[in-house]
Amino acid sequence: FVMLSCSVTAGQDSELFQALLKREWDFRINEYPALARDNGIEGYGDRIAHVSEKDQLRRYEFWKQVRLDLSIISCERLEHEECINYRIFERQIHQFLVDYETRVYLIPFTSDWSFYMSWNRWGEETDFNKPADYDDYLVRLQQLPVVMDEYIALMREGLKTGMTQPRVILDGREVPIRKQLVENPERSAFYKPFLAL
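Source: prediction; values computed, not measured. (Residues numbered from 1 in each chain as written. Predicted model: local features only at pLDDT ≥ 70, side-chain atom pairs only at ≥ 80, totals over all residues. Heavy atoms only, no water.)

Q: Help me out: how do you make sense of unusual backbone geometry in this one?
A: When glycine is set aside, most residues are seen to have a negative phi, and most peptide bonds are trans. Of note in this structure, R103 is not a glycine but carries a positive phi near 60 degrees. Looking at the element boundaries, R103 is found in the loop between helix 4 (80–101) and helix 5 (122–125). Taking the relative accessible area as the measure of exposure, R103 reaches 25% and is therefore partly exposed. (Helix = DSSP H or I, 4+ residues; strand = E, 2+ residues; numbered from the N terminus. Buried < 20%, exposed > 50% of the residue type's maximum accessible area, 1.4 Å probe, protein only.)

Structure below.
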């Protein structure tokens with residue numbers, strides 16, 4: 001990434017800010033394909049976000065550069081609404097960086113959310129309009145074991161470093177996992193889209 005010049009004039013701030021927003025959004029949807037799908041962006045149906053330490057570091061390095069580029073743009077020289085967007089965006093980037101620096105990704109679940117719960121809804125949330133949609137869905141399913149192993153590696157590292165949720169909130173966390181374990185594959189939520197093929 002090339003750092004923006006420090007000699008930014010008032011007329012350039014808005015243009016630079018919009019370009020930075022676009023660059024960061026393109027990066028974000030590439031890193032988190034579900035975000036692209038949720039926003040109706042084509043071409044991400046066969047991808048799933050990876051979460052290894054290497055992936056976490058890549059995102060961190062990118063967002064560090066975004067923060068640097070953002071610091072050159074003056075919110076005061078932007079239009080009022082654009083300045084509000086600037087402040088919100090600045091806060092998002094700050095949070096992404098803090099999440100990496102505190103290694104919050106080593107605890108990928110809370111008392112009411114966990115990384116694996118959204119996977120079980122893929123069949124319901126995916127639009128199956130053509131054969132390629134089923135192909136993309138199958139490619140995503142094939143990647144699940146790799147991503148699951150990445151999450152397990154992160155949680156093991158969290159345990160080693162003393163980062164885990166309190167035991168009291170873990171009760172019941174196994175229920176959604178048990179629901180995904182079936183004797184007959186046709187009863188799996190993952191298989192459900194093929195029942196109406």
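Q: Would you mind showing me how to read the state of the cysteines here?
A: A covalent bond between the sulfur atoms of two cysteines is what we call a disulfide. Summed over all chains, the structure comprises one disulfide. Residue pairing for C75: its cysteine sulfur links by disulfide to C83, the two sulfurs lying 1.9 Å apart. Looking down the S-S bond of the C75 and C83 bridge, the torsion is 105 degrees, so its handedness is right-handed. Exposure remark for C83: the relative accessible area of 17% places this residue in the buried category. (Disulfide = S-S within 2.5 Å.)

Q: When you look at the pattern of salt bridges in this model, what are you seeing that I'm missing?
A: Side chains bearing opposite charge may pair, as long as their charged atoms lie close to each other. Counted under the stated rule, the structure contains 15 salt bridges. Two residues, D133 and K130, come together in a salt bridge whose shortest N-O distance is 3.1 Å. Since its relative accessible area comes to 12%, D133 is described here as buried. The network of salt bridges with shared partners includes E31, D55, R58 and R59. (Salt bridge = Lys/Arg side-chain N within 4 Å of Asp/Glu carboxyl O.)

Q: Hey, could you run me through the packing of aromatic side chains in this one?
A: Each aromatic ring pair is summarised here by two numbers: the centre-to-centre distance and the angle between the ring planes. If you walk through the whole model with that rule in mind, you get 16 aromatic pairs. Where F115 meets Y151, the ring centres are 3.9 Å apart and the plane angle is 10 degrees; that geometry is what we call stacked. Remark: Y151 occurs in helix 6 (residues 131–160) and F115 occurs in the loop between helix 4 and helix 5; sequence separation between them is 36 residues. Members of the aromatic cluster, joined through ring pairs, are F128, Y134, Y137, Y191 and F194. The residue whose ring lies beneath R140 is W122, and the NZ or CZ to ring-centre distance is 4.8 Å. (Phe/Tyr/Trp six-rings, centres within 6.5 Å; stacked < 30°, edge-to-face > 60°. Lys NZ or Arg CZ within 6 Å of the ring centre and 35° of its normal.)

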